[in-house]
Amino acid sequence: MSDEPREQEGPQQGWAPREPEPAGAPQPGPASAQDPTPKGKKSRKRTGWRRILPTWRMVLGTFLLLCLLIGGALVAGYMLVDIPPANAAATAQTNVYLYADGKQLARDGDINRENIPLAQVPENVRQAVLAAEDRDFYSESAVDPKAMLRAAWNTVTGKGKQSGSTITQQYVKNYYLNQDQTIGRKVKEFFIAIKLGREVSKDDILEGYLNTSYFGRNAYGISAAAHAYYDKKPEDLTTAEGAYLATLLNSPSAYDVTAHPENKPRAVARWNYVLDGMVKEKWLAPAVRSKMKFPEPEAEAGTSSGLSGQRGYLVNAVKDYLLANEIVDEDELKSGGYRITTTIDPDQQDAFVKAVDDQLMSKLDKDARKIDRKVRAGGAAIDPATGRVTALYGGIDYVKQFTNNATRRDYQAGSTFKAFVLASAFDHDSTTQDGRPITPNTIYDGTSGRPVQGWNGERFAPENEDHVDYGNITVRTAAEKSVNSVFAQMAVDVGSEKVMDTSIDLGIPKTTPGLGPYPSISLGTPTASVLDVAQAYATLANHGRHGTFALVDKLEKNGKEIALPARDTEQVISRAAADTTTSVLQSVVDDGTGSAALAAGRPAAGKTGTAEEDKAAWFAGYTPELATVVAVMGQDPDTAVQTPLYGALGQPRMNGGAYPARIWAQFTRTALAGKPVRNFDLEIPSGSEEPPPLPTVPPQDGRTEGADEGRTQGQDQGRTQGTDQGQTQGQDQGQTQGTDQGQDQGQTQGTDQGQTQGQVQGQTNGGTDGGADAGGQDGGQGEDASGGGGDGADAGST
């Protein structure tokens with residue numbers, strides 16, 4: 001055989017590998033015969049997880065189908081939804097408020113509204129509303145889907161409820177629909193707004209919006225709002241005033257700076273936002289805007305006469321309670337139709353009004369003393385066992401003085417906060433700087449102006465009233481006389497932050513202006529409301545158990561009852577701490593600055609307090625059955641500026657132990673009339689009881705009642721300082737038998753029998769009503785002369 005390779009004549013057989021074909025060599029046979037698929041394409045089967053994914057054809061088809069369905073739904077909705085007639089709410093339902101016994105308190109549904117043409121609203125006021133609510137109103141469509149989606153997203157993600165509605169949509173909601181937060185209502189609003197935007201002019205829509213919007217103070221529409229806040233016609237509104245009214249549209253309850261002075265910074269910020277928006281839109285010149293000042297609304301502008309007297313204060317307090325506890329929202333409440341049974345006891349409410357009238361208002365002489373025009377009063381009473389608010393005193397008359405003095409948070413609470421320092425010290429088993437346990441009998445240095453030790457901030461050395469030095473003094477006595485230097489040091493010994501936390505636990509809101517971890521908390525610099533302080537003192541009366549106060553017993557709409565928040569009580573401080581605090585506050589009433597409260601005729605505990613510059617005077621006290629706080633405040637009726645009360649009612653000072661304590665005593669006596677007298681059931685640790693009198697450093701220039709009360713107990717007050725302890729035991733005679741110095745002062749006798757409180761107190765107390773006139777001048781100095789209940793200057797001249 002030849003070794004030359006032979007040419008192959010057909011496909012190789014067997015297992016031998018085929019020789020590789022040269023690149024580009026033609027393949028044998030026609031393509032169709034070798035591969036049924038087109039050249040360059042091969043079919044692949046979807047395998048594995050790819051089989052569960054839709055193809056692009058499926059995605060495109062689904063998208064087109066959805067577009068078709070949505071488009072069809074929009075067309076169908078537009079065709080099916082007609083513009084309805086005005087709703088019933090636009091012509092108004094009422095909310096009915098009831099006393100706790102079911103009797104009607106008030107109705108707030110007498111709608112205060114006057115429709116006016118758009119031309120009657122100044123252009124700058126219209127522009128302010130647009131700047132606040134919808135700057136693109138004249139250029140945009142009736143609905144803004146993007147804004148609606150953004151608002152929905154913010155609500156879902158917890159950034160707060162926000163409105164994505166245009167002015168057109170808001171008008172539709174106000175005039176044609178209702179305030180229900182339902183999907184059905186939003187769908188109708190969407191289609192009606194679109195149809196309205198095609199059929200009604202922008203000017204007509206804006207006119208309707210301005211006439212139907214709620215501005216607070218029971219004012220519906222821009223005309224009613226102009227009267228309610230500035231007592232003027234809408235055409236006379238300035239740009240600044242219009243911007244403030246536009247601010248109210250966002251939240252009438254929150255931004256009424258008269259009803260809620262503590263919210264003024266937020267309201268001013270919103271007002272600035274509106275004006276800045278006008279500048280941005282070139283509706284307002286920057287130079288003009290820079291000169292504008294916030295236009296304070298009038299405190300006593302026109303309000304509904306149906307809410308006169310205390311009714312308006314009560315209704316607004318209940319509204320605030322419902323909104324703050326998120327029981328209903330503002331739109332729902334505004335829609336009306338609610339039947340609200342409050343916790344207010346009508347008999348106690350009447351008793352509070354009478355006590356204020358008898359003890360304070362009837363003694364004002366606004367013609368002879370201009371300062372008497374600036375006297376205001378606020379009060380609140382709470383049942384410690386249930387937390388139910390049984391009475392509120394908001395002011396002289398809601399239609400004359402709009403601000404609720406019981407709930408406002410802009411006056412310093414004064415030495416009422418010293419009770420919280422005590423409670424915190426006892427609850428935390430605190431010690432002094434040198435390691436001694438703080439009890440009612442712990443000795444402190446009561447030197448006026450003594451620098452506080454242990455505070456790492458700026459030097460703090462508060463003065464006692466009249467710069468009186470008390471020397472060594474027990475905690476109990478320091479509380480009786482409200483000695484600033486002692487409590488400032490005690491706050492640092494306990495820890496200012498602990499004192500703050502205890503205040504919050506007892507019931508002072510943590511958002512209270514001025515509330516912070518500083519030694520000055522002991523002097524009451526926070527501006528808690530009367531109702532806030534009453535809640536905290538009710539916790540002490542309830543042996544340290546706290547539950548939020550309640551103003552509503554029952555809420556109904558359309559015959560169906562709406563659930564109210566459960567009142568869960570919690571032991572926020574130990575019973576021993578609360579009861580020990582109560583025992584010290586009893587001494588304040590029995591032997592100290594609050595002795596005028598003895599006129600209630602019941603065992604009582606309490607604390608007096610005075611704000612800086614005598615702008616407010618407080619008495620916070622409680623019996624086992626009732627915790628009540630009274631404050632007398634100074635405010636200019638024309639400017640709403642806080643005013644010192646020097647010289648009010650003909651007295652040199654306004655003190656918590658005088659008029660506030662007298663009001664407290666009369667109210668408490670009447671409110672509890674017919675009920676058995678109960679003593680405090682106290683569990684006090686051993687060693688905290690009142691000890692035998694201990695000697696103290698002799699007072700300088702007459703001993704004072706303390707920094708807040710400004711009443712001397714020495715020569716200025718006419719109260720005999722019979723021994724080194726500053727008082728004598730008058731049980732046998734019912735009057736003070738003192739040293740030569742005390743006898744020279746006049747041995748004040750509250751009544752013909754000596755106004756003997758001595759059988760219980762062991763000293764003279766002219767604080768009862770029976771001894772008020774007999775013990776001094778001007779129908780009320782018996783209290784002052786006998787026990788620090790009032791104004792020492794007048795008492796000393798008796």
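Scroll up to find the structure.
Residues numbered from 1 in each chain as written. Predicted model: local features only at pLDDT ≥ 70, side-chain atom pairs only at ≥ 80, totals over all residues. Heavy atoms only, no water.

1. Observations concerning helix α19 (residues 496-506)
Convention followed: With a 1.4 Å probe rolled over the protein chains alone, any residue whose accessible area is under 20% of its type maximum counts as buried; one over 50% counts as exposed, and the rest are partly exposed. In DSSP terms, a helix is any run of H or I states spanning at least four residues, a strand is any run of E spanning at least two, and both are numbered starting from the N terminus. In this context, the arc is that of the directions from the helix axis out to the C-beta atoms. Throughout, a contact is declared for two residues whenever any of their heavy atoms are within 4.5 Å.
Those residues of α19 lying buried are S496, V499, M500, T502, S503 and L506. One face of α19 carries all of its buried residues, which in axial projection span an arc of 160°. Residues of α19 that are buried in the fold lie against α16 (418-427), α18 (484-494), α20 (530-541) and β10 (545-546). With its phi angle positive at about 140°, G507 sits one or two positions after the end of α19.

2. A few points about the side chain of D397
To be explicit about the condition: Residues scored as charged are limited to Lys and Arg (positive) and Asp and Glu (negative), so that His and the chain ends carry no count. By salt bridge we mean one thing: a side-chain nitrogen of Lys or Arg within 4 Å of a carboxyl oxygen of Asp or Glu.
The topology assignment puts D397 in the loop between β7 (389-393) and α16. Within the buried set, D397 has no salt-bridge partner at all; the shortest N-O distance to an opposite charge, 4.6 Å, is to K400.

3. Describing a nonpolar patch on the surface
Put simply, the rule is: Two distance rules govern patches: like charges are joined within 9 Å, and nonpolar side chains (Val, Leu, Ile, Met, Phe, Trp, Tyr) within 5 Å, applied only to residues with over 30% relative accessible area and no salt bridge. Areas reported here follow the Shrake-Rupley algorithm with a probe of radius 1.4 Å; residue values treat only the protein chains shown as occluding.
A cluster of nonpolar side chains, contributed by W56, L60, F63 and L64, occupies part of the molecular surface with about 470 Å² of accessible area. By the element assignment, L60 lies in helix α2 (residues 56-80). Judged by relative accessible area, which is 41%, L60 ranks as partly exposed.

4. With respect to the nonpolar core
To keep it simple, the criterion reads: As used here, the term nonpolar core means buried Ala, Val, Leu, Ile, Met, Phe, Trp, Tyr and Cys residues forming a set that is joined through side-chain atoms within 4.5 Å.
Membership of the largest hydrophobic core comes to 89 residues, with the highest contact counts inside it found for L322 and M490. If one sorts the elements of this core by residue count, α20 sits on top with nine residues. The residues contacting L322, other than those within four sequence positions of it, are I327, V328, L333, I340, V552 and L555. L118, L130, I222 and L249 belong to the second-largest nonpolar core, a separate cluster that totals 48 residues.

5. Some words on the pairing of strand β15 (residues 616-622)
Every regular strand shows the same layout, with side chains that alternate between the two sheet faces. To keep it simple, the criterion reads: Paired strands, as defined in this entry, are two strands with at least two bridges between them according to DSSP.
Burial runs high along β15: seven of the seven residues are buried. Bridge count for strand β14 (residues 605-610) against β15 is six bridges, and the pairing is antiparallel. Note on β15: the bridge partner recorded for G609 is W618. With antiparallel pairing between neighbouring strands as the criterion, β14 and β15 make up a hairpin whose turn holds five residues, including E613 at a positive phi of roughly 60°. Bridge count between β15 and strand β16 (residues 627-634): seven bridges; the pairing is antiparallel.

6. Regarding the side chain of S308
Summarising the element assignment, S308 is placed in the loop between α12 (286-290) and α13 (311-324). Setting aside its immediate chain neighbours within four residues, S308 contacts D397 and V399.

7. Brief notes about unusual backbone geometry
Its identity as a non-glycine residue notwithstanding, H543 has a phi of 60°, on the positive side. With respect to the helices and strands, H543 occurs in the loop between α20 and β10. Phi is positive for A640, close to 65°, though the residue is something other than glycine. Tracing the sequence through the fold places A640 in the loop between β16 and α22 (659-671). A relative accessible area of 35% places A640 in the partly exposed class.

8. So, the sheet that holds strand β5 (residues 338-342)
Within a sheet, adjacent strands bond to each other through the backbone by hydrogen bonds, running parallel or antiparallel. Which entries qualify depends on this criterion: Where helices are involved, their axes are fitted lines through C-alpha atoms of the stretch in contact, as for all axes, and angles between N-to-C directions lie from 0 to 180°.
What the five strands build is an open sheet, ordered β2-β1-β5-β11-β12; its pairing is mixed. Each end of this open sheet is capped by a strand with a single partner; those strands are β2 (104-107) and β12 (560-562). Between one strand axis and the next, the sheet turns by 25° as a mean value, whatever way the strands run. Judged from the three bridges that link them, strand β11 (residues 552-557) and β12 form a sheet pairing that is antiparallel. Each residue of the ladder has a partner; that of E556, found in β12, is E561. Of the strands in this sheet, β1 (96-98), β2, β5 and β11 touch α13, which is tilted by about 80° from β2.

9. Here's the deal with the sheet that holds β15
Read from one edge of the open sheet, five strands run β7-β6-β16-β15-β14, paired in antiparallel fashion. Among the strands making up the open sheet, the edge pair consists of β7 and β14. Here the strands of the sheet are splayed against their neighbours by 5° on average, with no regard to which way each runs. Note: strand β6 (residues 375-382) against β16, eight bridges, orientation antiparallel. Residue pairing for β16: R376 is matched across the bridge by M633.

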